[in-house]
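# Report on the structure
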Amino acid sequence: MNDEMLEGLVRARLRANAPHDVPERLVLRATAIPQARVRNRRWWQPGRSAASGNRFAVAGIALVAVLALGVVLAISGSDRPNDVAAPALPTLPAVTGPSLPPGAAHPTRVNDGAWVTPATAWLVDDSYNLRITTDGGLTWSEPRPLPHDDLRGSPQFLDGSNGVAVWAPQETNPLPVVVYITHDGGTTWSSVNVGTLPSQAGNANSLTVHFSDLAHGIVLGGDYLAGPAPSGHAGAGLQKQACAGWSTADGGATWTPLADPPCSDRDWWASPLVGIVLPISAGGPVASVTLDGGLSWRSGTLPDVGVDDAPFSVVFTVRADGTPRLAYRVDRGTASSSAPGSATPGSPSSAAGMVIVAESHDGGATWQEAYRFPDLEPTGLGPSTTVTALGPDHWIATGGVPEPTTTTPVPILETADGGRTWTQVGTLGAIAGVSWGWFDRLHGMALGQDNSGCALPSGTPCHVSGLFLTNDGGQTWHGVPF
Amino acid sequence: MTLGERMAETEAATGERLEREQAFGRLVARELAGSYRTASLLLGDPAEAEDVTQEALERAWQRWDQLRDPNLAGAWFGRILINACRDRLRSKQRSRVRWIEEPMTSDSAASFAERDALDRAIAGLNADQRIALVLRYYLDLPVEAIAEQTGAPVGTVKSRLRLALGAVRAGYEAQERAGNKR
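Let me begin by describing the structure that accompanies this report. (Residues numbered from 1 in each chain as written. Chains lettered and ligands numbered in written order. Predicted model: local features only at pLDDT ≥ 70, side-chain atom pairs only at ≥ 80, totals over all residues. Heavy atoms only, no water.)

## Some thoughts on the pairing of strand 6 (residues 163-167) of chain A
Residues and elements named next belong to chain A. Burial runs high along strand 6: five of the five residues are buried. Taking every second residue as pointing to the same face, both faces of strand 6 are buried, with Gly-163, Ala-165 and Trp-167 on one and Val-164 and Val-166 on the other. Relative to strand 6, strand 5 (residues 152-157) is paired through three bridges, and the arrangement is antiparallel. Residue pairing for strand 6: Phe-157 is matched across the bridge by Gly-163. Counted along the chain from strand 5 to the antiparallel partner strand 6, the turn is five residues long. With five bridges connecting them, strand 6 and strand 7 (residues 175-182) associate as antiparallel partners. Residue pairing for strand 7: Val-164 is matched across the bridge by Ile-181. (Buried < 20%, exposed > 50% of the residue type's maximum accessible area, 1.4 Å probe, protein only. Helix = DSSP H or I, 4+ residues; strand = E, 2+ residues; numbered from the N terminus. Pairing = 2+ DSSP bridges.)

Here's what the structure looks like:
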C-alpha cells in the first residue's frame, strides 16, 4: 500500500469516527459561559410589528388597549405547590426633576434601533433612513435609505458593516420573500430571492431573519387566518395556515428550505446559536427552541400563559448550568387557567398579574414553572416595562411612555436573583419615550418620541424625540445630536 | 463634564464587555461543532470531548483579553483546545481510544477487520502523534498550520506525522497478514 492510499484510509476512518451531532448540553453550556445577554431584550416588546416595524406605534396601541380594559392591578395568590412567596413591591422614591434638553434641538424622530456593540449602533428614522455610529454615538453617518420602505421588522447588523433585512409584500399569493444584504453599513444593498410563502390575501403574516454569523442565517415566515380561539380560551384566535423557513450557509447567496420551521416572527436569541420562537398570537402556548442557529427546533408547551394563550413580555436567558429560562408576563385579563389548555373563559387566572419563570431541562421539549413573581407594572413602570438581561439572573427593569398626566418618574429596578427580589436603584427621569436597554445599572439609553401628549414632572409638555443616553442610572439624560 | 466626555465615559465603561460577549458568541457559533468533533477524535470519548471542549471555551473566555486580533480567534481557540486535549491525554496516559458508534455506510470499501485495525493503530498513537494525525487528515491543515497550532517546529510535526503513519501502516499490514493466513 502506497502512502497516498494509506492517507486516504486514515482520512476515511477519522471522518467516519467523528461524531455528527453536537450534544445539546454542550451548546447550552457554551452559551452560558459569558452570561450572555439577550439580543432582543425588551420585556415589553413593542417591536417586530409585521405591518410597519414601528415600535412606538405598537407600544402606543398596547398602552391604549391596557387603559381601555381598565386593568385591575391585583396580584392574586396561588395554590400551586411550586409557588414562592410573592415579594413586596419596591417603594418609589421622591420625584426627581428632569434634565432633558428641549425637543426642538432634536427634530429627528427615531423609529427603531439597536446597539450592536457599545461602539456600534444603528437607527432608523421616520423617513426610513438608516444611520450608523461606530464611536459610541458621538458621530453618526449621514442618512442612508433602507432597501425598502416596508421592511418586515428591522434590519439586523452583525457589526458596523454587515447587515441583513427581509421583505415580502403584504397581500399577494404566494408571497415572494426577499432578503437584503449589505456589507458597507447600508450604503448599498443586494437582494436575494429566498422563496415564496403561501398566503391568503388579507391574512396576518409574519417574517423574520436572523444571522448567527456572516455565513449562517435563517428566515422564518408564517401566514395566519382569523379563527376561533384555542379550546378554553376567550376571544378570537389566529389559525396557522402555512409556515416556511429557509437557511443559508454561504452568507445569503443561496437558501435551503427548512423541514419543519416554527411559525412566528417573535424570536429571541441568547446567543447566535440558541434562540426561542413564541407564537404570534393565540397560536397555542408553545415555545420552539433551537440550539443550532435555527436549523432544527424542539417545541414544548409553556405553563400558564394566560388569556391570550401566547406568552408576551419575554426575557430569554440560559442559566450557567445550561438550562434555558423563559420569563413572561401573564395577562391580567379575565380568562385563563393555571392548567394550559383548560381555562374557563371569564374566570381569573391563578397567575394573572404575575410573571412566570419557566425552565426547560431537555432543550425545549418540556417546560416547567420554576417560580413566579408579581408583575412589575404596578411599581410604576407602566405597561411599557422593559427588562434588560445583563446575565441569567441579573436583570434591570424600567419603563417609559408615561401617561399624559403623570408626574411621577419611572423607577429603575434591579434583580440579582432572576426576579425573585427587586431593588430600586434609580429613576428614569422624565424621558418621554421608551427605555431602550441597559449595559449595566448606570449606562443606558432611551428613545424619545414626540408624542406631544406627555408631560414632564414639572407639568411642561415634553416635545422631545431622538436618542438619549445616561451614565448615571437614568438620573439625567443627554440627547444625541443629529 | 461635557456631553462628549460623558458619552466617551459611557463607551469606556461599557466598552469591551458587550463586544467581548458578542465576539465570543460568534466564536462559539463558528467553532463549537468542529472543536467537539476534533476533541472526540483526539480523546476517543464523546463525553470526555464534551467536557474538554467546554473547559477550552471557558479558558478562552477567561483569557479573551489576551486575544490581540479578533480575526484570529478561531486559530487562537484551536490552540487552547489542542492544549486541553493534550493535557487530558497525557494525564490519563491513555493506552486505547474508545471510538464512538460505527457509522453504517461511510466507508464500506474497507472490511470491518481493516477498519478495526486502523482504529486500533490510531488509538495506539501517543498524544503528539495523534494530534498531528487528526489535524492533518481530519482538519486538512498543512504542516505549517499544525506547527502553529501545536507550538512545535515544522520538522517535529513532519516527524510525528511520519511516525504516526508508520504505526498505522504497521497495524494495518499486520491485520492483512493475519487475514491472509486465515
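So that's the structure; there's more coming.
## Digging into the pattern of salt bridges
Scanning all chains against the criterion turns up 20 salt bridges over all chains. For B:Glu148, the salt bridge identified is with B:Arg79, shortest N-O distance 3.0 Å. You can see B:Glu148 sitting in helix 6 (residues 143-150) and its partner B:Arg79 sitting in helix 3 (residues 73-92), a full 69 residues away along the chain. Overall, the relative accessible area of 25% leaves B:Arg79 in the partly exposed class. Each of A:Arg319, A:Asp321, A:Arg325, A:Glu359 and A:Asp393 takes part in salt bridges that share partners, so that together they form one network. (Salt bridge = Lys/Arg side-chain N within 4 Å of Asp/Glu carboxyl O.)

## A word on the environment of A:Ala259
Residues and elements named next belong to chain A. Positionally, Ala-259 belongs in the loop between strand 12 (256-257) and strand 13 (266-269). Residue classification places Ala-259 among the exposed positions, given a relative accessible area of 85%. In the structure, Ala-259 is positioned 38 residues away from Trp-297 in sequence and 9.9 Å away in space, judged by C-alpha atoms.

## Comments concerning the packing of helix 1 (residues 3-17) of chain A against helix 5 (residues 127-137) of chain B
Viewed as axis vectors pointing N to C, helix 1 of chain A and helix 5 of chain B meet at an angle of 90°, and their least axial separation amounts to 10 Å. Here helix 5 of chain B runs roughly perpendicular to helix 1 of chain A, going by the angle between their axes. Across from A:Glu7, A:Val10, A:Arg11, A:Leu14 and A:Arg15 in helix 1 of chain A, the residues of helix 5 of chain B making contact are B:Leu133, B:Val134, B:Arg136 and B:Tyr137. (Axes fitted to C-alpha atoms, helices over the stretch in contact; angles between N-to-C directions. Parallel < 35°, antiparallel > 145°, perpendicular 65-115°, else oblique. Contact = heavy atoms within 4.5 Å.)

## Describing the sheet that holds strand 16 (residues 298-301) of chain A
Residue and element names in this part refer to chain A. Judged by pairing direction, the sheet is antiparallel, and its four strands sit side by side in the order 13-14-15-16 without closing on themselves. Each having just a single partner strand, strand 13 and strand 16 make up the two edges of the open sheet. Ignoring which end each strand starts from, the neighbouring axes of this sheet average 25° apart. Bridging between strand 15 (residues 286-290) and strand 16 involves four bridges; their strand directions are antiparallel. Each bridged residue has a counterpart across the sheet, and for Ser-288 the counterpart in strand 16 is Ser-299.

## Some thoughts on the packing of aromatic side chains
Applying the stated criterion across every chain yields a total of eight aromatic pairs over all chains. For the ring pair A:Trp122 and A:Phe157, a centre distance of 6.3 Å and an interplane angle of 45° mean the geometry is tilted. Here A:Phe157 lies in strand 5 and A:Trp122 lies in strand 2 (residues 121-125), a separation of 35 residues in the sequence. Each member of the pair, A:Trp122 together with A:Phe157, is buried. When the centroid spacing of 5.2 Å and the interplanar angle of 65° are considered together, the rings of B:Phe24 and B:Trp61 count as edge-to-face. On the criterion of sequence distance, the pair formed by B:Phe24 in helix 1 (residues 3-43) and B:Trp61 in helix 2 (residues 46-62) is long-range, its members being 37 residues apart. With respect to burial, B:Phe24 and B:Trp61 carry one shared label: buried. Aromatic ring contacts, followed pair by pair, group B:Phe24, B:Trp61, B:Trp64 and B:Trp76 into a single cluster. (Phe/Tyr/Trp six-rings, centres within 6.5 Å; stacked < 30°, edge-to-face > 60°.)

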